[in-house]
Amino acid sequence: MKQFTNVHDTGNLRAALDEAFEIKRDRFKYVDLGRNKTLMMVFFNSSLRTRLSTQKAAMNLGMNVIVLDIGQGAWKLETERGVIMDGNKPEHILEAIPVMGCYCDVIGIRAFARLEDRDLDYQETIINPFIELSGRPVFSMEAATRHPLQSFADLITIEEYKRTARPKVVMTWAPHPNALPQAVPNSFAEWMNETDYEFVITHPEGYELDATFVGKARVEYDQMKAFEGADFIYAKNWSAYSGDNYGKILSKDRNWTVSDRQMAVTNQAYFMHCLPVRRNMIVTDEVIESPQSIVIPEAANREISATVVLKRMLMG
Ligand code: CP
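Basis of the calculations
- Residues numbered from 1 in each chain as written.
- Predicted model: local features only at pLDDT ≥ 70, side-chain atom pairs only at ≥ 80, totals over all residues.
- Heavy atoms only, no water.
- Buried < 20%, exposed > 50% of the residue type's maximum accessible area, 1.4 Å probe, protein only.
- Helix = DSSP H or I, 4+ residues; strand = E, 2+ residues; numbered from the N terminus.
- Pairing = 2+ DSSP bridges.
- Domains from an automatic or database assignment.
- Contact = heavy atoms within 4.5 Å.
- Buried area = accessible area lost by both parts, 1.4 Å probe.
- Salt bridge = Lys/Arg side-chain N within 4 Å of Asp/Glu carboxyl O.
- Expected span 1.5 Å × (residues − 1).
- Near = heavy atom within 4 Å.
- Polar contact = N/O pair within 3.5 Å; in protein donor to acceptor, adjacent residues only side chain to side chain.
- Areas by Shrake-Rupley, 256 points an atom, 1.4 Å probe, with all protein chains shown as cover.
- Nonpolar A, V, L, I, M, F, W, Y, C, P; charged D, E, K, R; others polar.
- Axes fitted to C-alpha atoms, helices over the stretch in contact; angles between N-to-C directions.
- Left-handed = near helix turned anticlockwise from the far one by under 90°.
- Phe/Tyr/Trp six-rings, centres within 6.5 Å; stacked < 30°, edge-to-face > 60°.
- Parallel < 35°, antiparallel > 145°, perpendicular 65-115°, else oblique.

Engineer: I would appreciate a short explanation of the pairing of strand S11 (residues 232-236) in the present structure.
Structural biologist: On a regular strand, each side chain points to the face opposite its neighbour's, so the side chains alternate between the two faces of the sheet. Buried residues dominate S11, accounting for five of its five residues. Side-chain alternation along S11 places Phe232, Tyr234 and Lys236 on one buried face and Ile233 and Ala235 on a second face that is also buried. Here S11 runs beside strand S12 (residues 270-272); their pairing, made up of three bridges, is parallel. When the bridges of S12 are listed, Ile233 appears paired with Phe271.

In structure tokens form, the structure reads like this:
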């Protein structure tokens, strides 16, 4: 595997899931694979789960790990071509990326959407140059438009907890005080569309995602109707994608906060969220602390998805 930025880089999902469950049974089975190999994790944005789970995955495979936090102890990097570099960014990614490639065997990148220019965000102007210029396999640790390690972990979790062959999975928008990218919901939708689950997306009008990611999902503006009979509720906030509203907050309506009221009409659904989560904005204390909440096993599966991806990159 040379790159991992979206579901299509994974190939057959059944095979990927089989590998995930093999790793889960013995996460050190391939500990010799990464001997004398180095993972470099480059963070343009903060992280808790991705940082820890990916580092742990590398350790499962016997790799060494270098972590670089851009802007904190590393030079700030210019990303635009053709600019006169007379500002506060002393190095250009065009030099920095090939240099980083000299010191490692695999590179992971976290670089969120800036939510200022939709075209630039959706062109993936940070991770794509790493793929072009590093000379190394590159994987996304959440880029501007997708978060595939999270989505793979989400899929593993649903497969573990599903009670029917074809569960109903509902992804719901929920309120948040800040404008957040669409990467997690885009990616979750992309992965769900590769399964045969019944997949529904619910959000207030104005929060439509890029049609490429919505795919064959049913979009339902009535959240209660969407939740009826659901087996899994996947909550997430995102900012607007459409037109001039790109990156804007259009609503903070707490009627959309996932609570016992909505969960009561589900098929005793499991509650999922990628974390970090804003309690009593996205979900009430009662729901996230209920036996139906599987946010911790979901986060634990981040180690598994990352181990599969790194193992595949080490195997070439
Ligand atoms: N879910 C997730 O990616 O968490 P972090 O932002 O903490 O890495």
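Read on, since the account is not over.
Engineer: What's the story with the domain arrangement of the chain in this structure? I'm lost.
Structural biologist: By a widespread convention, an interface's size corresponds to the accessible area lost as its parts come together. Domain assignment breaks the chain into domain 1 (3-146 + 302-315) and domain 2 (150-299). Of note, the centres of domain 1 and domain 2, computed from C-alpha atoms alone, are 25 Å apart. Listed per partner, the contact involves 32 residues of domain 1 and 31 residues of domain 2. Where domain 1 abuts domain 2, roughly 2,500 Å² becomes buried across the two surfaces, and 65% of that area is made up of carbon and sulfur atoms. Of all residues in domain 1, Leu115, Arg118 and Arg302 give up the largest surface area on contact with domain 2, accounting jointly for 26% of the area buried on that side. Run the count over domain 1 and domain 2 and you get three salt bridges.

Engineer: I tried to follow the pattern of salt bridges on my own but got confused; where do I start?
Structural biologist: Opposite charge on two side chains permits them to pair, given that their charged atoms come into close proximity. If you walk through the whole model with that rule in mind, you get 16 salt bridges. Here Lys162 makes a salt bridge to Glu159, at a shortest N to O gap of 3.0 Å. The exposure class assigned to Glu159 is buried, which follows from its relative accessible area of 16%. Through salt bridges that share partners, Arg14, Asp18, Glu159 and Lys162 make up one connected network.

Engineer: Teacher, can you tell me more about helix H12 (residues 295-315) here?
Structural biologist: Since there are 3.6 residues in each turn of an α-helix, residues three or four apart along the chain are aligned in direction. Taking 1.5 Å per residue as the helical rise, H12 with its 21 residues ought to reach 30 Å, and the 31 Å between its terminal C-alpha atoms agrees with that figure. Just downstream of H12 lies Gly316, where phi reads positive at about 95°.

Engineer: So what exactly am I meant to see when it comes to the site of the ligand here?
Structural biologist: Looking at the ligand, the residues that line it are Ser47, Leu48, Arg49, Thr50, Arg110, His147, Gln150, Cys274, Leu275 and Arg302. One of the side-chain nitrogen or oxygen atoms of Ser47 is found 2.7 Å away from an oxygen atom of the ligand. In isolation the ligand exposes 250 Å². Once the protein is present, 93% of that is buried. Taken together, the residues of the shell around the ligand break down into three nonpolar, four polar and three charged. When residues of the shell around the ligand are sorted by domain, at least three fall in each of domain 1 (3-146 + 302-315) and domain 2 (150-299).

Engineer: What is the right way to read unusual backbone geometry from this model?
Structural biologist: Glycine aside, residues mostly have negative phi, and peptide bonds are mostly found in the trans state. For the bond from Leu275 to Pro276, the omega torsion is 5°, close enough to zero to count as cis. Within the fold, Pro276 resides in the loop between S12 and helix H11 (285-288). Although it is not a glycine, Gln268 sits at a positive phi angle of roughly 45°. Among the secondary structure elements, Gln268 is positioned in the loop between helix H10 (260-263) and S12. With relative accessibility at 59%, the residue Gln268 sits in the exposed group.

Engineer: I would appreciate a short explanation of the packing of helix H6 (residues 148-161) against H12 in the present structure.
Structural biologist: Packed helices, taken two at a time, are described by the angle their axes make and the gap between the axes. At a minimum axis distance of 8 Å, the contact between H6 and H12 shows a crossing angle of 120°. Of the two elements, H6 crosses H12, and the hand of that crossing is right-handed. Residues Leu149, Gln150, Phe152, Ala153, Asp154, Ile156, Thr157, Glu160 and Tyr161 of H6 touch H12, and the partners they reach there are Pro297, Glu298, Asn301, Arg302, Ile304, Ser305, Ala306, Val308 and Val309. Residue classes in the contact of H6 with H12 are distributed as ten nonpolar, four polar and four charged.

Engineer: Mind showing me how you'd approach the packing of aromatic side chains here?
Structural biologist: Where two aromatic rings form a pair, the distance of their centres and the angle of their planes describe that pair. By the definition in use, this model includes twelve aromatic pairs. Considering the side-chain rings of Trp173 and Tyr207, the 4.7 Å spacing of their centres and the 35° angle between planes classify their relative orientation as tilted. With a gap of 34 residues between them, Trp173 in strand S8 (residues 168-173) and Tyr207 in the loop between strand S9 (198-202) and helix H8 (211-214) connect regions that are remote in the sequence. By relative accessible area, Trp173 is classed as buried at 0%. Relative to Tyr234, the ring of Phe188 has its centre 3.7 Å away and its plane inclined at 5°; by these criteria the two rings are stacked.

Engineer: Explain the packing of helix H1 (residues 13-25) against H12 here, please?
Structural biologist: One can describe the packing of H1 onto H12 by two numbers: an axis separation of 9 Å at closest approach and a directional angle of 110°. By the angle between their axes, H1 is roughly perpendicular relative to H12. Between H1 and H12 lies a crossing of right-handed hand. The residues of H12 that touch H1, namely those facing Ala15, Ala16, Glu19, Ala20, Glu22, Ile23 and Lys24, are Asn301, Ile304, Thr307, Val308, Lys311 and Arg312. Considered class by class, the residues forming the contact of H1 with H12 number six nonpolar, two polar and five charged.

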